[in-house]
Amino acid sequence: MTQAVELASVRKVYGFGPSAMVALNDVELTIEPGRFVSLIGPSGCGKSTLLRLVAGLESADAGTVSVHGVTPEEACAAKLIGLVPQSPALLPWLSVLKNVTLPHKINRGAAGRRERIGALSARDESRGAPDMLALLDKAGLSEAVDKLPSQLSGGMQQRAAIVRAFGLQPDVLLMDEPFSALDEFTRESLQDQLLDLWDELKTTVLFVTHSVSEAVRLSDSVVVMAPRPGRIVDWIDIDLPRPRNQRLFEDARFHEYEDRIRDALHSAWRSADAA
């Protein structure tokens, strides 16, 4: 089976000579299609760098990165990759509906490119173009389709950005702390809607977060990273039932996973300080 994301012996260095900084060193990561995997670790551990390598925004200095068996650059050209940054990045002069449908107008040739590189997933073959109004409704934006971004709250803008990314039906969706600037209530609401969309579309998600509880709630697996140099120190599978609603916080196993991840993070810090 072709893996959705695969990194083998990946190394990334910034700078040269004595001032060079090793952002990632000897990273091995394999993500199966349809899985929701979170990256967690302290600032400076290389989470966002790893995400940029998978997105094709940067290149590794050693090792290989592949998305469905092709390079990130080929995967991007075929629109196999979607990206949700921390900022919604909506065009201010377009309505919500026009913002989320614009990528479809720009990328009408993507399906042909997917077929040419042999990476069209069974999920995409069985589905036509998504109903964007239905996705907006699922995200709680049915009353906002004709509004401009400036007329929306920060949480609503981020919902629109997530719908836009899911609407392209990427095989791999990369999310770089998309809820970090939101209050706790809005954050939990968007987690609910993200899980609803993911459960329906079964996109592979690689999600960067600093929140232990968010990682446990959302993920099939949590990858713990350590700094100096950035590396993976633990892989924790989250064996909790889905769908995961607010009552999950009352489950003792939820808190056991939180404790296990925190222990791994503290251990990573201690090993970094001792280096």
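Residues numbered from 1 in each chain as written. Predicted model: local features only at pLDDT ≥ 70, side-chain atom pairs only at ≥ 80, totals over all residues. Heavy atoms only, no water.

Caption draft 1: Quick look at the overall build of the chain. Secondary structure summary: the chain contains 10 helices and nine strands in total. Looking at the chain alone, contacts between residues at least 24 apart form 73% of all its contacts between residues at least 6 apart. For the chain, the accessible surface area stands at approximately 12,600 Å², while carbon and sulfur atoms represent 51% of it. (Helix = DSSP H or I, 4+ residues; strand = E, 2+ residues; numbered from the N terminus. Contact = heavy atoms within 4.5 Å. Areas by Shrake-Rupley, 256 points an atom, 1.4 Å probe, with all protein chains shown as cover.)

Caption draft 2: Main features of the pattern of salt bridges. The final tally for this structure, using the stated rule, is eight salt bridges. Note that Glu 200 and Lys 138 form a salt bridge whose closest N and O atoms lie 3.5 Å from each other. Here Lys 138 lies in helix 6 (residues 132–138) and Glu 200 lies in helix 8 (residues 184–201), a separation of 62 residues in the sequence. Its relative accessible area of 35% is what places Glu 200 among the partly exposed residues. Here Asp 199 and Lys 202 are joined by a salt bridge, their closest N and O atoms 3.1 Å apart. With a relative accessible area of 45%, Asp 199 lands in the partly exposed category. Linked by salt bridges that have partners in common, Lys 12, Arg 52 and Glu 58 make up one network. (Salt bridge = Lys/Arg side-chain N within 4 Å of Asp/Glu carboxyl O. Buried < 20%, exposed > 50% of the residue type's maximum accessible area, 1.4 Å probe, protein only.)

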